Amino acid sequence: MPETELFAAALGIQSPWYVSNLDFSLENKRLDIYIDFERGSTFACPCCGKLAKAYDTKSDTWRHMNFFQHEAHLHARVPRVNCSASCGVKQIEVPWARPGSGFTLLFEALILSYCKEMPVNKVGELMGEHDTRLWRVLHHYVETARAQQDYSKVTRV
(Lines give C-alpha, C1' and ligand atoms only; values in the text may rest on other atoms or scores of the structure.)
Protein backbone atom coordinates (compact mmCIF):
# COMPACT_ATOMS: atom_id res chain seq x y z
CA MET A 1 0.00 0.00 0.00
CA PRO A 2 1.47 3.39 -0.96
CA GLU A 3 2.05 5.71 1.99
CA THR A 4 -0.48 8.27 0.70
CA GLU A 5 -3.19 5.58 0.76
CA LEU A 6 -2.10 4.51 4.23
CA PHE A 7 -2.44 8.05 5.58
CA ALA A 8 -5.78 8.51 3.77
CA ALA A 9 -7.08 5.36 5.48
CA ALA A 10 -5.70 6.45 8.87
CA LEU A 11 -7.31 9.90 8.53
CA GLY A 12 -10.61 8.52 7.23
CA ILE A 13 -10.29 10.50 3.98
CA GLN A 14 -12.90 9.28 1.48
CA SER A 15 -13.70 9.98 -2.14
CA PRO A 16 -13.72 12.50 -3.71
CA TRP A 17 -10.90 13.46 -1.35
CA TYR A 18 -7.49 11.79 -1.42
CA VAL A 19 -4.02 12.31 0.06
CA SER A 20 -1.94 13.71 -2.78
CA ASN A 21 1.42 14.21 -1.09
CA LEU A 22 3.33 13.90 2.17
CA ASP A 23 6.20 16.09 3.33
CA PHE A 24 8.09 14.91 6.40
CA SER A 25 10.79 17.08 7.96
CA LEU A 26 12.83 15.44 10.69
CA GLU A 27 14.68 18.71 11.33
CA ASN A 28 11.45 20.66 11.87
CA LYS A 29 9.72 17.72 13.62
CA ARG A 30 6.77 18.19 11.28
CA LEU A 31 4.60 16.14 8.94
CA ASP A 32 2.60 17.97 6.26
CA ILE A 33 -0.20 16.01 4.61
CA TYR A 34 -1.65 17.40 1.39
CA ILE A 35 -5.24 16.56 0.51
CA ASP A 36 -6.90 17.17 -2.84
CA PHE A 37 -10.14 16.21 -4.55
CA GLU A 38 -10.78 14.34 -7.78
CA ARG A 39 -11.23 16.47 -10.87
CA GLY A 40 -14.90 16.92 -11.81
CA SER A 41 -16.18 16.11 -8.31
CA THR A 42 -19.46 17.53 -7.09
CA PHE A 43 -20.06 18.92 -3.63
CA ALA A 44 -23.16 19.83 -1.66
CA CYS A 45 -23.97 23.52 -1.43
CA PRO A 46 -23.62 24.48 2.26
CA CYS A 47 -26.87 26.50 2.06
CA CYS A 48 -29.35 24.25 0.25
CA GLY A 49 -27.53 20.92 -0.18
CA LYS A 50 -27.81 20.86 -3.97
CA LEU A 51 -24.84 19.22 -5.71
CA ALA A 52 -22.57 21.45 -7.77
CA LYS A 53 -19.12 21.26 -9.33
CA ALA A 54 -16.20 23.21 -7.91
CA TYR A 55 -16.20 26.83 -9.03
CA ASP A 56 -12.75 27.64 -7.65
CA THR A 57 -10.64 26.73 -4.61
CA LYS A 58 -9.00 28.31 -1.58
CA SER A 59 -6.00 26.70 0.12
CA ASP A 60 -6.34 26.10 3.84
CA THR A 61 -4.36 24.42 6.64
CA TRP A 62 -5.44 22.64 9.83
CA ARG A 63 -3.41 21.43 12.79
CA HIS A 64 -3.90 17.72 13.39
CA MET A 65 -2.88 15.39 16.20
CA ASN A 66 0.84 14.70 16.37
CA PHE A 67 2.37 11.92 14.32
CA PHE A 68 4.40 10.35 17.13
CA GLN A 69 6.45 13.36 18.38
CA HIS A 70 6.06 15.35 15.16
CA GLU A 71 3.48 18.07 14.54
CA ALA A 72 1.05 17.13 11.79
CA HIS A 73 -0.72 19.62 9.53
CA LEU A 74 -3.33 18.96 6.84
CA HIS A 75 -3.34 21.17 3.74
CA ALA A 76 -6.13 21.18 1.17
CA ARG A 77 -7.58 23.09 -1.73
CA VAL A 78 -11.11 23.69 -0.49
CA PRO A 79 -13.63 24.15 -3.29
CA ARG A 80 -16.26 26.83 -3.56
CA VAL A 81 -19.41 25.95 -5.48
CA ASN A 82 -21.59 28.24 -7.57
CA CYS A 83 -25.02 26.97 -6.63
CA SER A 84 -27.64 27.15 -9.36
CA ALA A 85 -30.40 27.47 -6.73
CA SER A 86 -29.54 31.18 -6.30
CA CYS A 87 -27.37 30.61 -3.22
CA GLY A 88 -24.39 32.09 -5.05
CA VAL A 89 -20.76 31.12 -4.61
CA LYS A 90 -20.20 29.36 -1.27
CA GLN A 91 -17.24 27.53 0.24
CA ILE A 92 -18.00 23.93 1.13
CA GLU A 93 -17.32 22.41 4.54
CA VAL A 94 -14.57 19.80 4.72
CA PRO A 95 -15.37 16.56 6.58
CA TRP A 96 -12.30 16.69 8.82
CA ALA A 97 -12.68 20.16 10.36
CA ARG A 98 -15.17 22.66 11.71
CA PRO A 99 -15.47 25.83 9.57
CA GLY A 100 -13.04 28.52 10.67
CA SER A 101 -11.38 26.39 13.34
CA GLY A 102 -7.83 25.87 12.09
CA PHE A 103 -7.82 22.48 13.86
CA THR A 104 -9.12 19.10 12.72
CA LEU A 105 -12.10 17.64 14.57
CA LEU A 106 -9.87 14.94 16.08
CA PHE A 107 -7.44 17.57 17.37
CA GLU A 108 -10.35 19.51 18.88
CA ALA A 109 -11.57 16.32 20.59
CA LEU A 110 -8.08 15.86 22.04
CA ILE A 111 -8.07 19.47 23.25
CA LEU A 112 -11.42 18.95 24.99
CA SER A 113 -10.32 15.75 26.71
CA TYR A 114 -7.04 17.31 27.91
CA CYS A 115 -8.79 20.47 29.14
CA LYS A 116 -11.06 18.38 31.37
CA GLU A 117 -7.97 17.19 33.24
CA MET A 118 -5.58 20.15 33.36
CA PRO A 119 -5.39 23.93 32.98
CA VAL A 120 -5.74 25.30 29.46
CA ASN A 121 -2.34 27.01 29.65
CA LYS A 122 -0.65 23.66 30.39
CA VAL A 123 -2.54 22.00 27.52
CA GLY A 124 -1.29 24.76 25.24
CA GLU A 125 2.30 24.15 26.34
CA LEU A 126 1.90 20.40 25.86
CA MET A 127 0.42 20.78 22.37
CA GLY A 128 2.60 23.66 21.23
CA GLU A 129 -0.39 25.96 20.72
CA HIS A 130 -1.23 29.33 22.25
CA ASP A 131 -3.88 29.02 24.96
CA THR A 132 -6.11 31.67 23.33
CA ARG A 133 -6.60 29.34 20.34
CA LEU A 134 -7.59 26.56 22.73
CA TRP A 135 -10.00 28.85 24.58
CA ARG A 136 -11.76 29.58 21.26
CA VAL A 137 -12.34 25.84 20.79
CA LEU A 138 -13.63 25.45 24.35
CA HIS A 139 -15.96 28.46 24.04
CA HIS A 140 -17.39 27.10 20.79
CA TYR A 141 -18.32 23.72 22.28
CA VAL A 142 -19.57 25.17 25.58
CA GLU A 143 -21.78 27.68 23.73
CA THR A 144 -23.07 24.92 21.43
CA ALA A 145 -23.89 22.70 24.42
CA ARG A 146 -25.63 25.53 26.26
CA ALA A 147 -27.73 26.39 23.19
CA GLN A 148 -29.00 22.79 23.11
CA GLN A 149 -30.11 22.78 26.74
CA ASP A 150 -33.73 23.32 27.72
CA TYR A 151 -33.97 25.72 30.64
CA SER A 152 -37.74 26.20 30.41
CA LYS A 153 -38.41 24.30 33.64
CA VAL A 154 -35.84 26.22 35.69
CA THR A 155 -37.63 28.44 38.18
CA ARG A 156 -34.81 29.40 40.52
CA VAL A 157 -31.02 29.64 40.33
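Check the entry above for the structure.
Nothing here was measured: the structure is a model prediction, and the numbers come from that model. (Residues numbered from 1 in each chain as written. Predicted model: local features only at pLDDT ≥ 70, side-chain atom pairs only at ≥ 80, totals over all residues. Heavy atoms only, no water.)

Novice: How should helix α3 (residues 120-127) be read in this particular structure?
Specialist: The α-helix advances 3.6 residues per turn, and as a result positions three or four apart in sequence lie on the same side. Buried within α3 are the following residues: V120, V123, G124 and M127. The buried side chains of α3 occupy one side of the element, clustering within an arc of 100 degrees when seen end-on. When the buried face of α3 is taken as reference, the exposed residues oriented beyond 90 degrees from it are E125 and L126. In this structure, the buried residues of α3 make contact with β4 (51-67), α2 (105-117) and α4 (131-148). Positive phi shows up at G128, right after α3, with a value of about 75 degrees. (Buried < 20%, exposed > 50% of the residue type's maximum accessible area, 1.4 Å probe, protein only. Helix = DSSP H or I, 4+ residues; strand = E, 2+ residues; numbered from the N terminus. Arc of directions from axis to C-beta. Contact = heavy atoms within 4.5 Å.)

Novice: I keep staring at the pattern of salt bridges and nothing clicks. Help me out?
Specialist: Close approach of charged atoms allows side chains with opposite charge to pair. Per the stated rule, a full pass over the model turns up nine salt bridges. Notably, a salt bridge pairs R80 with D56, separated by 2.7 Å at the nearest N-O pair. A residue pair is termed long-range when its members are at least 10 positions apart, and R80 in strand β5 (residues 70-83) and D56 in strand β4 qualify at 24 residues. The class for R80 is partly exposed, based on a relative accessible area of 29%. Residues E71 and R63 are paired through a salt bridge, measuring 4.0 Å at the closest nitrogen-oxygen approach. Overall, E71 belongs to the partly exposed group, its relative accessible area being 26%. Linked by salt bridges that have partners in common, R63, E71, E129 and R133 make up one network. (Salt bridge = Lys/Arg side-chain N within 4 Å of Asp/Glu carboxyl O.)

Novice: Looking at this structure, how should I read a nonpolar patch on the surface?
Specialist: On the surface, Y151, V154 and V157 cluster together to form a nonpolar patch covering roughly 390 Å² of accessible area. With relative accessibility at 46%, the residue V154 sits in the partly exposed group. (Patch = residues over 30% accessible without salt bridge, like charges linked within 9 Å, V, L, I, M, F, W, Y side chains within 5 Å. Areas by Shrake-Rupley, 256 points an atom, 1.4 Å probe, with all protein chains shown as cover.)

Novice: Would you mind going over unusual backbone geometry with me for this structure?
Specialist: A negative phi angle characterises most non-glycine residues, just as the trans form characterises most peptide bonds. Omega for the peptide link from S15 to P16 comes to 15 degrees, which places this bond in the cis form. For P16, the position within the fold is in the loop between α1 (3-11) and β1 (17-25). Positive phi values are uncommon outside glycine, yet K29 reaches one of about 50 degrees. For K29, a relative accessible area of 44% corresponds to the partly exposed category. Phi angles above zero are rare outside glycine, and F68 is one such case at about 55 degrees. Structurally, F68 is set in the loop between β4 and β5.

Novice: Mind showing me how you'd approach the nonpolar core here?
Specialist: As a rule of thumb, nonpolar side chains are buried together in soluble globular proteins. The biggest cluster of nonpolar side chains holds 24 residues, and the ones touching the most others in it are I13, W17, I33, I35, W62 and W96. At the level of elements, α1, β1, β2 (30-37), β4 and β5 are the ones that each hand at least two residues to this core. Looking at which element gives the most residues to this core, the answer is β5, with five residues. In this structure I35 touches I13, W17, Y18, V19, S20, L74, H75, A76, R77 and W96, once residues within four positions along its chain are discounted. One finds F107, C115, M127 and L138 within the second-largest nonpolar core, a separate group that totals ten residues. (Core = buried A, V, L, I, M, F, W, Y, C linked by side-chain atoms within 4.5 Å.)

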